[in-house]
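Commentary on secondary and tertiary structure
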Amino acid sequence: MSNPTEIVLAELIRDYAQELPDAKILTFVSIAEDGGYEEETRTYPQLYQHGQTLARALRALGIGRADNVGLMMSNHPEFVETMVATSIIDAAFVPVDPRTRGAKLQYMLDFTECKGVICADYCVESILAVAADCAQLQWLIVVDSGLPLTAGQSAQLATHRYVDMLKTPGPDLPLGEFSLDDPMFLMFTSGTTGNPKAVINSHRKYMMMTQSPKVFGLTRADKYYTGLSLTHINAQGTLAGALGQAIPAVISRKFTKSRLWDICRRYGCTSLNLLGGMIPELYAVPEKPDDANNPVRHIQSSGMPPHIWQAFEKRFGVVLSEGYGATEGGAMRNPPGEGPVGSIGKPSFGWVAEILDENGNIAPPHVAGEICFRREDGSPIVVHYYKNPGASSDKVRDGWLHMGDIAHKDENGWFYFHHRVGGGVRRNGDFVNTTLVESVLMNSPLVADVFVYGVATGKNVAGEKTLVAAIVPADKVSFNEAALLTYCRAHLEKNDLPEIIQVLDEIPKTISEKPIEKACIELLTFRE
């Protein structure tokens, strides 16, 4: 095996195909209509041969070095095969949330100048609706999930079936004839304050992610699980670790709070990742006697509410390792049993972190400011946003990578997250701990899911907001708002009491299960 940090993904897959030809490295799982399991598996040889064949097909369609290809689907094996194919020909893939529609989809495909999109059949209609405004877009390669293409659809763009592309003849293409610093993929940020930015991720950066299991002490005796989308950097980290260290991974087509533990039991999964929005959903599922009867021994969490941290561990019989990071770089970790409950950790190996005030000075302990990182060895940090040099240079100032997140550090060097810059809720002169309020509401039997945020109304003084609790009732028919407010008054301080209870069928969320505040505000109706 070559050094994984000095090769590209296709070379790693090729090497493991020779070393571990029979290993079912990836298992993709979906829940059928009857509640049963549908699965597809991939070995390293299958990933490599499908990647090579698809690479030849892409070459035939005019895709080469520095070209961008859209990748729009839920978690299918073809997603990973496309990653292998583009790494062979030094093209970059552009992962797009399959739920994306309209102006945002048009922007993402047009801005990155995608010449084609490899997509699931359930995404075709959305792409065709914006294709006329995507100047570079020439073709689609469609993965079949059971939805037939109409003649009208296939006539709008050159449309090919993925299974036909896997029949493209020819010899294997050569590997590694380009720089590790070339772009491997363009990962869009969430775009909460305007059009999303696309972070350029190199082959080198991705291959460094293949080393992550070593940090957590995971071995080939373990088995990963993720229900996060491969269009998100967290799931890409899980995939990289699995492929790089030959640790089998089970990947759900979509996140399922009701079947997550069933899947882990069925496949013997020992490690999984949970992000903030997923945690309250899982915790709100009614308790079962066998909750702790599962093989998971380690959870990498991000955004675990402090007030349910230990209860979560006890209920599900797991150990939590809280972490913090971003697509652009910088990371922290709070290993099990080392840091205080509620802390996002200390800087990971090779990083230095500080809390900087608005003037760029290091804040004293327990004083809130922005999380910023620099490299321990003093080497420069470079962030590349696609076609956006202004944002790139603004992200790194005076040698510090600015994260845009507010936090504080205690006297022992442990960091505690507060909120996103501009995302805090100030009320009566103080910031409300929305995470605490969510934790309290999650413990109510009346609530199945919750998101607490602030909205400016006519009655607020400048800079302050009205506190809103968006909730999904456990039983919408019998839900009683007065009873929930009584519960809140018994468990929260006066300044933390929600002023508006917003009842929703479901809370709008990103592909990583993060609540979308803007969408909640658009759904909000209230009387001032």
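Read on for a plain summary of the structure. Every chain's residues receive numbers from 1 upward, in the order its sequence appears when written. Per-residue local features of the predicted model are confined to residues with pLDDT of at least 70, and side-chain atom pairs are confined, for both listing and counting, to 80 or more; whole-chain, interface and lining totals are unaffected and use all residues. Side-chain descriptors were evaluated using all non-hydrogen atoms of the structure, hydrogens and water having been removed beforehand.

1. Quick notes on the overall build of the protein
Going along the chain from the N terminus, every DSSP run of H or I of four or more residues is numbered as a helix, and every run of E of two or more is numbered as a strand. A tally of regular secondary structure across the protein gives 17 helices and 26 strands. Our radius of gyration looks at C-alpha atoms and nothing else; its globule reference is 2.2 Å times the residue count to the power 0.38. Relative to a compact globule of 528 residues, whose C-alpha radius of gyration would be 24 Å, the protein shows 23 Å and is just as compact. Principal-axis analysis of the C-alpha atoms places the extent of the protein at approximately 70 × 55 × 50 Å. Scored against the burial criterion, the 528 residues of the protein give a buried share of 56%. A sequence separation of at least 24 residues applies to 66% of the contacts in the protein between residues at least 6 apart. Summed over all atoms, the accessible surface of the protein reaches about 23,000 Å², with 50% contributed by carbon and sulfur. Positive charges come from Lys and Arg alone, negative charges from Asp and Glu alone, with His and the N- and C-terminal ends not counted. To locate a charge, the coordinates of NZ of Lys, CZ of Arg, CG of Asp or CD of Glu are taken. Positive and negative side-chain charges in the protein, numbering 48 and 62 respectively, have mean positions lying 1 Å apart. Each residue gets one of three labels from its accessible area relative to the maximum for its type: buried under 20%, exposed over 50%, partly exposed in between, using a 1.4 Å probe on protein chains only. Whether two residues are in contact is decided by their heavy atoms, any of which lying within 4.5 Å being enough. Each accessible area is a Shrake-Rupley result for a 1.4 Å probe, and residues are judged covered by the shown protein chains and nothing else.

2. A closer look at the sheet that holds strand β25 (residues 466-473)
As summarised here, the arrangement of the 3 strands in space is β24-β25-β26, forming an open sheet in which the pairing is mixed. Edge positions in the open sheet fall to β24 (447-455) and β26 (500-503), since each of these has one partner strand only. Going across the sheet, the axis of each strand differs from the next one's by a mean of 25°, ignoring polarity. A pair of strands counts as paired when DSSP detects no fewer than two bridges linking them. The pairing of β24 with β25 spans 8 bridges and is classified as antiparallel. Bridge pairing in β25 places Asp 449 opposite Val 472. Simply put, an axis is a line fit to the C-alpha atoms, just over the touching stretch for a helix, and the angle between two N-to-C directions goes from 0 to 180 degrees.

3. Quick notes on helix α13 (residues 309-316)
Taken together, the buried positions of α13 are occupied by Trp 309, Phe 312, Arg 315 and Phe 316. Mapping the buried residues of α13 onto a view down its axis gives an arc of 135°, with all of them on the same face. Residues of α13 that are exposed and point over 90 degrees away from its buried face: Gln 310 and Lys 314. Of the surrounding secondary structure, the elements contacted by the buried residues of α13 are α11 (260-267), β12 (271-275), α12 (278-284), β13 (298-302), β14 (319-325) and β15 (331-334). At the C-terminal side of α13, Gly 317 shows a positive phi close to 65°. Summarising the geometry, the arc corresponds to the directions from the helix axis toward the C-beta atoms.

4. Description of the packing of aromatic side chains
Working definition: rings of Phe, Tyr and Trp (its six-membered ring) pair if their centres are within 6.5 Å, and the pair is stacked with planes under 30 degrees apart, edge-to-face with planes over 60 apart, and tilted otherwise. Applying the stated criterion to the full structure yields 13 aromatic pairs. Where Phe 79 meets Phe 93, the ring centres are 6.5 Å apart and the plane angle is 80°; that geometry is what we call edge-to-face. Taken together, the residues span a long stretch of sequence, with Phe 79 in helix α3 (residues 77-89) and Phe 93 in strand β4 (residues 92-95) at a distance of 14 residues. Residue Phe 79 shares its accessibility class with Phe 93, and that shared class is buried. Ring pairs connect the aromatic residues Phe 79, Phe 93, Phe 185 and Tyr 206, which therefore count as one cluster.

5. Considerations on the environment of Pro 340
Here Pro 340 lies in the loop between β15 and β16 (346-347). With 74 residues separating them along the chain, Pro 340 and Trp 414 place their C-alpha atoms 7.8 Å apart. Ignoring any residue separated from it by four or fewer positions in sequence, one finds Pro 340 in contact with Trp 309, Asn 334, Asp 410, Trp 414 and Tyr 416.

6. Notes on the sheet that holds β15
Across the sheet, which stays open at both edges, the 9 strands sit in the order β2-β1-β11-β10-β12-β13-β14-β15-β16 with mixed pairing between neighbours. Both edges of this open sheet fall to β2 (37-43) and β16, since each of them pairs with a single strand only. As paired strands, β12 and β13 are joined by 5 bridges and run parallel to one another. Across the sheet, residue Leu 272 finds its bridge partner in β13, namely Ile 299. Against the sheet, helix α2 (residues 44-60) engages β1 (24-31) and β2, with an angle of about 75° to β2. Lying on the sheet, α11 is in contact with β1, β2, β10 (224-226), β11 (249-252), β12 and β13; it crosses β2 at an angle near 50°.

7. Points about the pattern of salt bridges
A side-chain nitrogen of Lys or Arg and a carboxyl oxygen of Asp or Glu constitute a salt bridge if their distance falls within 4 Å. In the structure shown here, the tally under the stated rule is 27 salt bridges. The partner of Arg 220 in a salt bridge is Glu 19, with the nearest N and O atoms 3.8 Å apart. Note that Arg 220 is positioned in the loop between α9 (212-215) and β10 and Glu 19 in helix α1 (residues 9-19), a separation of 201 residues in sequence. A salt bridge links Glu 499 to Lys 459, with the shortest nitrogen-to-oxygen separation between them at 3.3 Å. Remark: Lys 459 occurs in the loop between β24 and β25 and Glu 499 occurs in the loop between α16 (481-491) and β26; sequence separation between them is 40 residues. A relative accessible area of 34% places Glu 499 in the partly exposed class.

8. Some words on the pairing of strand β9 (residues 198-202)
For β9, a buried count of 4 out of 5 residues is recorded, marking the element as mostly surrounded by other parts of the structure. Strand direction decides the pairing type here: strand β8 (residues 183-188) and β9, joined by 5 bridges, are antiparallel. In the sheet register, Phe 188 faces β9, and the bridge partner there is Ala 198.

9. Digging into unusual backbone geometry
With phi around 75°, Ala 66 is a residue other than glycine that occupies positive phi space. Mapped onto the fold, Ala 66 is located in the loop between α2 and β3 (68-72). At Glu 113, a residue that is not glycine, the phi angle is positive and equals roughly 55°. By the element assignment, Glu 113 lies in the loop between α4 (102-111) and β5 (116-120). By relative accessible area, which is 33% here, Glu 113 ends up partly exposed.

10. Quick notes on the packing of α3 against helix α10 (residues 233-245)
Contact pair α3 / α10: the axes reach a minimum separation of 13 Å and the direction vectors enclose 70°. Between α3 and α10, the interaxial angle falls into the category roughly perpendicular. Counting all contacts with α3, which are made through Phe 79, Val 80 and Met 83, the residues of α10 involved are Gln 236, Leu 239 and Leu 243. Residues belonging to the contact of α3 with α10 are distributed by class as follows: 5 nonpolar, 1 polar and no charged. Roughly parallel refers to an angle under 35 degrees, roughly antiparallel to one over 145, roughly perpendicular to one between 65 and 115, and oblique to any angle outside these ranges. Each residue gets one of three labels, nonpolar for Ala, Val, Leu, Ile, Met, Phe, Trp, Tyr, Cys and Pro, charged for Asp, Glu, Lys and Arg, and polar for the others, Gly among them.

11. Side note on the nonpolar core
Leu 26, Ile 118, Tyr 206, Leu 243 and Phe 312 are the most contacted members of the largest nonpolar core, which totals 106 residues. If we skip the residues at most four places from it in the chain, Leu 26 touches Glu 40, Thr 41, Arg 42, Leu 47, Val 80, Leu 239, Leu 243, Ala 249 and Ile 251. In plain words, nonpolar cores are sets of buried Ala, Val, Leu, Ile, Met, Phe, Trp, Tyr and Cys residues tied together by side-chain atoms within 4.5 Å. With 25 residues, the next largest nonpolar core counts Leu 109, Ile 127, Val 130 and Leu 186 among its residues.

12. A look at the environment of Asp 398
Looking at the secondary structure, you find Asp 398 in the loop between β19 (396-397) and β20 (400-409). In this structure the C-alpha to C-alpha distance between Asp 398 and Arg 374, which are 24 residues apart in sequence, comes to 9.6 Å.

13. Description of the packing of α1 against α2
Packing of α1 against α2 leaves a shortest axis separation of 8 Å and a crossing angle of 135°. Here α1 lies oblique to α2, going by the angle between them. As for how α1 packs across α2, the hand of that crossing is left-handed. When α1 is examined against α2, the residues Ala 10, Ile 13, Arg 14, Tyr 16 and Ala 17 are found in contact with a partner set consisting of Tyr 44, Pro 45, Leu 47 and Tyr 48. Whether a crossing is left-handed or right-handed is set by the direction in which the near helix is turned from the far one by less than a right angle, anticlockwise for left-handed and clockwise for right-handed.

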